[in-house]
Amino acid sequence: MAKTLELIFETGAGKDVVLSVEEPREDLTALELANGMQTIITQNIFEVEGSPFAIAKGARVVERNVVDYEV
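Remember, it's a predicted structure, so these values are computed and weren't measured experimentally.

Scoring rules and cut-offs
- Residues numbered from 1 in each chain as written.
- Predicted model: local features only at pLDDT ≥ 70, side-chain atom pairs only at ≥ 80, totals over all residues.
- Heavy atoms only, no water.
- Helix = DSSP H or I, 4+ residues; strand = E, 2+ residues; numbered from the N terminus.
- Rg over C-alpha atoms; globule rule 2.2 N^0.38 Å.
- Buried < 20%, exposed > 50% of the residue type's maximum accessible area, 1.4 Å probe, protein only.
- Contact = heavy atoms within 4.5 Å.
- Areas by Shrake-Rupley, 256 points an atom, 1.4 Å probe, with all protein chains shown as cover.
- Pairing = 2+ DSSP bridges.
- Core = buried A, V, L, I, M, F, W, Y, C linked by side-chain atoms within 4.5 Å.
- Expected span 1.5 Å × (residues − 1).
- Arc of directions from axis to C-beta.

## A word on the overall build of the protein chain
Alright, step 1. Helix and strand content of the protein chain: one helix and four strands.
Alright, step 2. Computed over the C-alpha atoms, the radius of gyration of the protein chain is 15 Å, more than 25% above the 11 Å expected from 2.2 N^0.38 for a compact globule of 71 residues.
Alright, step 3. Each principal axis of the C-alpha distribution contributes one length, and for the protein chain these read about 45 × 30 × 15 Å.
Alright, step 4. When the 71 residues of the protein chain are sorted by exposure, 23% land in the buried category.
Alright, step 5. Restricting to contacts in the protein chain with at least 6 residues of sequence separation, those with at least 24 account for 56%.
Alright, step 6. In the form shown here, the protein chain has an accessible surface area of approximately 5200 Å², with 52% of it arising from carbon and sulfur atoms.

## With respect to the pairing of strand E4 (residues 51–64)
Alright, step 1. The pairing of strand E1 (residues 2–11) with E4 spans 10 bridges and is classified as antiparallel. Bridge pairing links Thr11 to Phe53 in E4.
Alright, step 2. Both strand E3 (residues 47–48) and E4 contribute to a ladder of two bridges, which runs antiparallel. Residue pairing across strands places Glu47 opposite Pro52, the latter belonging to E4.

## Considerations on the pairing of E1
Alright, step 1. Of all 10 residues in E1, nine are buried; the element is thus mostly enclosed.
Alright, step 2. By the bridge criterion, seven bridges tie E1 to strand E2 (residues 16–22) in an arrangement that is antiparallel. Bridge pairing in E2 links Glu10 to Asp16.
Alright, step 3. Between the antiparallel neighbours E1 and E2 lie four residues, among them Gly14 with a positive phi of about 85°.

## What about the nonpolar core?
Alright, step 1. Formed by Leu5, Leu7, Phe9, Val17, Met37, Ile40, Ile41 and Phe53, the largest nonpolar core amounts to eight residues.
Alright, step 2. Breaking this core down by element, the ones donating at least two residues are E1 and helix H1 (30–42).
Alright, step 3. Beyond its immediate stretch of four places on either side in the chain, Ile40 contacts Phe9, Leu19, Ile45, Phe46 and Phe53.

## So, H1
Alright, step 1. In a regular helix each residue adds 1.5 Å, so 13 residues correspond to 18 Å; H1 covers 18 Å between its end C-alpha atoms and thus fits that length.
Alright, step 2. Met37, Ile40 and Ile41 are the residues of H1 that are buried. Along H1, the residues classed as buried sweep out an arc of 100° about the axis, all on the same side. Exposed side chains of H1 directed beyond 90 degrees from the buried face belong to Leu31 and Thr42.
Alright, step 3. The secondary structure elements touched by the buried residues of H1 are E1, E2 and E4.
Alright, step 4. Directly beyond the C-terminal end of H1, a positive phi value near 50° is found at Asn44.

Keep in mind these values describe shape, not function.
Next up, the structure:
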């Protein structure tokens, strides 16, 4: 089963942005996520269309099953 951590931010212009991290650690805590997301905002690491990330809106882990078939 594939897992992806999605970090959801809002830019200063009000646009939602999702950063995805493949195969996150199983033992991540809410505090670690909040601190990491705040660091991304504080250090202006990313921007979209000239607008930096302003608000950490949330985080989630998405799991999906992939079944490959030979054809």
